[in-house]
Structure formats: structure tokens, C-alpha cells
Amino acid sequence: MASLGELERAVMDLLWAGQEAATANTLRDLLALSTQAQGDTAGHEGKDLAVTTVLTVLSRLEKKGLVERERGTRPHRYQAVSSRADHTAELMHEVLGSAPDREAVLARFIGSVTESEAETLRKLLGHS
Amino acid sequence: MFWTSYFLAVLAIVLAWPVPILLSRAQWPARSPFTAMLLWQAIALAGGLSMIGAMLVYGLEPIGDNLLAGLRGLAGMVLFNAPTTALGFWHLFALSAAALLTAHLVFTLLLTYYRIERQRRRHRELLALLASPSNDGPGTVVINHDSPVAYCLPGGARSVTVLSDGLMAALEPAELRAVLIHENAHLSQRHHLLLWAFAAWRQALPWLPTTRLAQEAVSSLIEMLADDVALKTESKATLIKAIAIVASGPSGVAGSRAVFDGGQLPLVADGLAADGLADGVSGASGGAGSARTTASRVSRLLSPKEPLSASLRALVLAGCLLLLAVPTALLIVPGLLG
């Protein structure tokens, strides 16, 4: 059985790839398919995947604010809150931006560089 | 008792203003970053200790010959309703200020820790979904982004080093290794603890020049320490190339790569180049501390200077010990002797 973390990732990948909202049942079937597609070496783990497990994963993702469900319908249909690119942009904004705690949260190889400094560095590189 | 509080107050003022300004302008920290780092920690600790100690000693003066006796007297007043008539207005004021400052420092430290941890957890959650594991070793992941970015996210066993696609494309294998060693040095030397403490110190007392200067100096010194670790396995030219390519940003990547591929590194030991960079630094004054960090890192690599001699380093270390020992001794020893 794949770990919850791996399943969260697989579910998000499906939701990001799909155009419209999906039910837990649909997601379970897609997950089973992709496990089978990985070949016989992966075994038959996909078959054992229960819908309740998928629902657990979805509610965890919902708590993290990554997934939302349509309230009106039964069964609930789930979709990603924002695209993969948007989330990557959010992360990079945290890394490259100048939030007050940024320096303490993570250590960048190169901190922010002012324009004049970047210019000097480029000139340095250009001098042959 | 009386003179102790005056001496501590003078020490607190000296450590809050002239000393950090002199140290932040000094050139030698780039030569021996580790020693300089110890000195900054000693200044911050001794500064806080003497600030609180001065107020405490002054406030307790009427009820005890030394700090311990005074504290015992104070405990009697607070716990057993002993008469407080011995304490005048200014004594009570100083005692309250000491208590408030202590609580403020501890509270800010905890609050900063909580905020940093929350941001890191969120960041790690998103990374788990967005980034894919890299071949460059455990705890290294790659994220799909065009800018050349490398950073590490500390978190004990779950620490992770993140590289962007743009970085992998821009750097040669040796340069990439230098970047990875640099980031791992941050993690293994626990630099995030220093950054946390000094960030909290600055947050708690933002109007005090020491806190800003200390935080900027510390974030610059840890980069130099990590560079020094990278230099043990990778050449200086490799590291400079890596820094220059990442710093010149997405727009400069293609061009700088072409320059480097065209010939050998033109700038090592080139005094003029280093001067040019220094000009760039002074021109960029007023920028963030991290901006000057990159320039001082590169000029430090371009025109390396000998580390401080062993005797000078020993002198600085002795200074650190004295800074911590003197206020501590002034506060505690009279009580133990009496």
C-alpha cells in the first residue's frame, strides 16, 4: 500500500491534469489504472485501494487548502483550488520575495541582488 | 551594588551602540567568519544580560546588598506580603522594566519560532506535492521553475535542499556540486538556529542599532562559512562561477554561460575586477543586507586575504569570554561571597 503522502501527490497530479471536478470513485479508478500501467513489478496494490482511503486523502488535502469540493452534488466532486503552476509560483514568491521572516525560514544560495550589483556581476562575467 | 548597576548600564550602552557599529565596519570578519560569529553572539548575549541586570540591580538596591539577597527580599514581598516601603518609585519602575523586557525577549523568541515553523511546514507540504526527488542525493528535490534558484529548508531529519530546473540547466556538474555542498553546510552547521535567534532579537528591539547590524552581519557570515566548506572540495573558480551565474539571474544565464564556455575564468586574482565589484557595493548602499552579502562574498573569493593569526583569534575569543563572564560575575559573585 502506498503511503498517504504518495497518494496525496498522485491525487493532486490527477486533479491538476484533469479539466473538471472528479468524484472519489473516479479518482480511485484512475489511481488503480495508473498503478497497473506501471507494470507487473508494481504488483496489484492498486486494486486494494479503497474509496474511503481516497476520501481520507481528499479531506487531508482539503484541510491543507489545496482541494475544494462542490457542495451541491452527491457524491461530492473534488477539484484543485489552483493550478500546479500557481502553487509553484506561490512557493517561488516565498523564496524570492522579501517577506520579513524569509531569511530565517530558508537559506538561499544567493540572496536578493540589487540591479546595480547584478550589472557589476554581468560586467565581471563579460570582461574577457 | 550601586556601582554594579552603573557599570552594567554603561556596558549595555557600549554594546548597544558603538561596539556593533565598529564591528560591522571592520574588515577582518570576512577573514575569520567563525570567530566573528562568536563575537556577535557574545555581544548580543552580554548586551541583553547587562541591560536586564542593570535594571534589576538598581531596583533591588534598597533591599539587599547583592542580587541574590535582593531577589530573596523581593520574593518575600511578592509571596508573603512583606512591607514594600523600602522600594521607591524608581526602584519599582526599574524592576518592572526588567521583568517586562525579559518577558518580551522570551515571548518574541517563542513567537518567532512558531511563525518560522508554520511557514516551513506549509512550504514543505507544497514541496512534497510539487517537487520531484533529485539524483543528487537524499534530501534534494527539483522544482519546475525557470529562474536559477537554490535554497535549503531546515527541519531536522526532514531538511530539504531545493534546486530549480533553471539552475540545473545553467550550471555545470562541478558548479552544481559546489551549490549543494554550500547548502548542506548551512544545514549541518545549524545556521538556521543562529538566524532564528538574531531575527527574534531584531524583532524584539527593532529600534536598537545592534539588532539590525547583528542580523545583517550574521546572515552574511553564515554564507561565508558555507562558501568555505564548499571550497574544501571544489575550486574557487567553480564556486565564483556558480555564484555569478545564479546572481546574474534568469536574464543573464545564457550570456554568462557563453562567456564561461568561451574560455577560462578571466576574473580570478584580477584586482581591477574586485575593485569594480567594490564600487558596485558602495553604489548599492541602502539595499538589503543580503545584497551586500553577495558582493562581499565574491570580492572575498576574488581577492582572498589570510585568516586572522592564531594569536589574534585567541584574543577575540578571550574577549568573547570576558564579555560573558564579567556581567555574569558582577551579578552572581557578590551574592555567593556574601
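Residues numbered from 1 in each chain as written. Chains lettered and ligands numbered in written order. Predicted model: local features only at pLDDT ≥ 70, side-chain atom pairs only at ≥ 80, totals over all residues.

Q: Help me understand the overall build of chain B in this model?
A: A tally of helices and strands in chain B yields 14 helices and 4 strands. Across chain B, the fraction of contacts at a sequence separation of at least 24, relative to all contacts at a separation of at least 6, is 70%. (Helix = DSSP H or I, 4+ residues; strand = E, 2+ residues; numbered from the N terminus. Contact = placed C-beta atoms within 7 Å.)

Q: Looking at this structure, how should I read the overall build of chain A?
A: For chain A, the helix and strand inventory stands at 7 helices and 4 strands. Each helix and strand of chain A, placed in order from N terminus to C terminus, yields the pattern α-β-α-α-α-β-β-α-α-β-α. The burial tally for chain A puts 33% of its 128 residues in the buried class. (Buried ≥ 20, exposed ≤ 12 C-beta atoms within 10 Å, placed from the backbone.)

Q: Explain the pairing of strand 4 (residues 160-164) of chain B to me, please; I cannot follow it from the model alone.
A: Side chains on a regular strand alternate between the two faces of the sheet. Residues and elements named next belong to chain B. Among the 5 residues in strand 4, 5 count as buried, and that is most of the element. What you see with strand 4 is no split at all: V160, V162 and S164 on one side and T161 and L163 on the other are buried throughout. Summarising the sheet, strand 2 (residues 140-143) and strand 4 pair through 4 bridges and their orientation is parallel. Counted as the bridge partner of T140 is T161 from strand 4. With 4 bridges joining them, strand 3 (residues 150-153) and strand 4 adopt antiparallel strand pairing. Across the sheet, residue Y151 finds its bridge partner in strand 4, namely V162. With antiparallel pairing between neighbouring strands as the criterion, strand 3 and strand 4 make up a hairpin whose turn holds 6 residues, including G156 at a positive phi of roughly 60°. (Pairing = 2+ DSSP bridges.)

Q: I'm lost on helix 1 (residues 4-17) of chain A in this one. Help?
A: Since the α-helix advances by 3.6 residues per turn, residues separated by three or four positions end up pointing in the same direction. Along its 14 residues, helix 1 of chain A runs 20 Å from first to last C-alpha, staying within 8% of the 20 Å computed at 1.5 Å per residue. For helix 1 of chain A, the full list of buried residues reads A:L7, A:E8, A:A10, A:V11, A:M12 and A:L15. (Expected span 1.5 Å × (residues − 1).)

Q: Is there a simple way to think about the sheet that holds strand 2 (residues 67-70) of chain A in this case?
A: Across a sheet, paired strands are connected by hydrogen bonds in the backbone, their directions being either parallel or antiparallel. Residues and elements named next belong to chain A. Read from one edge of the open sheet, 3 strands run 1-3-2, paired in antiparallel fashion. If you trace the sheet from one side to the other, it starts and ends with strand 1 (22-23) and strand 2, each paired once. Where helix 1 meets the sheet, it contacts strand 1, strand 2 and strand 3 (77-80), and its direction lies at approximately 85° from that of strand 3. (Axes fitted to C-alpha atoms, helices over the stretch in contact; angles between N-to-C directions.)

Q: Before we go on, may I ask you to explain the packing of helix 7 (residues 173-188) of chain B against helix 9 (residues 209-233) of chain B in this structure?
A: What describes two packed helices is the angle between their axes and the distance between those same axes. All names here are of chain B. Axis separation between helix 7 and helix 9 bottoms out at 8 Å; the angle between their running directions is 130°. Taken together, helix 7 and helix 9 sit at an angle that is classed as oblique. Judged by the twist between their axes, the crossing of helix 7 over helix 9 is right-handed. Residues A178, I181, H182, A185 and H186 of helix 7 form the contact with helix 9, whose participating residues are I222, L225, A226, D227, V229, A230 and T233. (Parallel < 35°, antiparallel > 145°, perpendicular 65-115°, else oblique. Left-handed = near helix turned anticlockwise from the far one by under 90°.)

Q: Would you mind showing me how to read the sheet that holds strand 4 (residues 107-108) of chain A here?
A: Strand order in the open sheet made by the 5 strands is 4(A)-3(B)-4(B)-2(B)-1(B), with mixed pairing throughout. One side of each edge strand has no neighbouring strand; the edge strands of this open sheet are strand 4 of chain A together with strand 1 (132-133) of chain B. Here strand 1 of chain B pairs with strand 2 of chain B via 2 bridges, running antiparallel. Along strand 2 of chain B, the bridge assignment pairs B:P133 with B:V141.

Q: For this particular structure, what's the right way to read helix 4 (residues 51-63) of chain A?
A: All names here are of chain A. Taking 1.5 Å of rise per residue, the 13 residues of helix 4 would be expected to cover 18 Å, and the 18 Å separating its terminal C-alpha atoms lies within 8% of that figure. Regarding helix 4, the residues found buried are V54, V57, L58 and L61. One side of helix 4 carries all its buried residues, which in axial view fall inside an arc of 100°. When the buried face of helix 4 is taken as reference, the exposed residues oriented beyond 90 degrees from it are T52 and K63. Residues of helix 4 that are buried in the fold lie against helix 1, helix 2 (24-37), strand 2 and strand 3. Taken from the residues just after helix 4, G65 is the one with a positive phi, measuring 80°. (Arc of directions from axis to C-beta.)

Q: Sorry if this is basic, but what is going on with the packing of helix 7 of chain B against helix 10 (residues 236-247) of chain B here?
A: Residues and elements named next belong to chain B. Interaxial distance between helix 7 and helix 10 falls to 9 Å at its minimum, and their mutual angle equals 80°. As summarised for this structure, helix 7 and helix 10 are arranged roughly perpendicular, according to the angle between their axes. Contacts between helix 7 and helix 10 involve A174, E175, A178 and V179 from the first element and T238, L239, K241 and A242 from the second.

Q: What should I look at first to understand the domain arrangement of chain B in this one?
A: Interfaces are frequently sized by the accessible area removed from exposure as the parts join. Residue and element names in this part refer to chain B. Each domain of chain B was delimited in the assignment, giving domain 1 (1-87 + 308-338) and domain 2 (108-307). Listed per partner, the contact involves 18 residues of domain 1 and 16 residues of domain 2. Put simply, the parts of the chain that give the side of domain 1 that touches domain 2 at least two residues each are helix 1 (2-16), helix 2 (18-25) and helix 3 (33-60). Per element, the largest residue contribution to the side of domain 1 that touches domain 2 is 7 residues, and it comes from helix 3. (Domains from an automatic or database assignment.)

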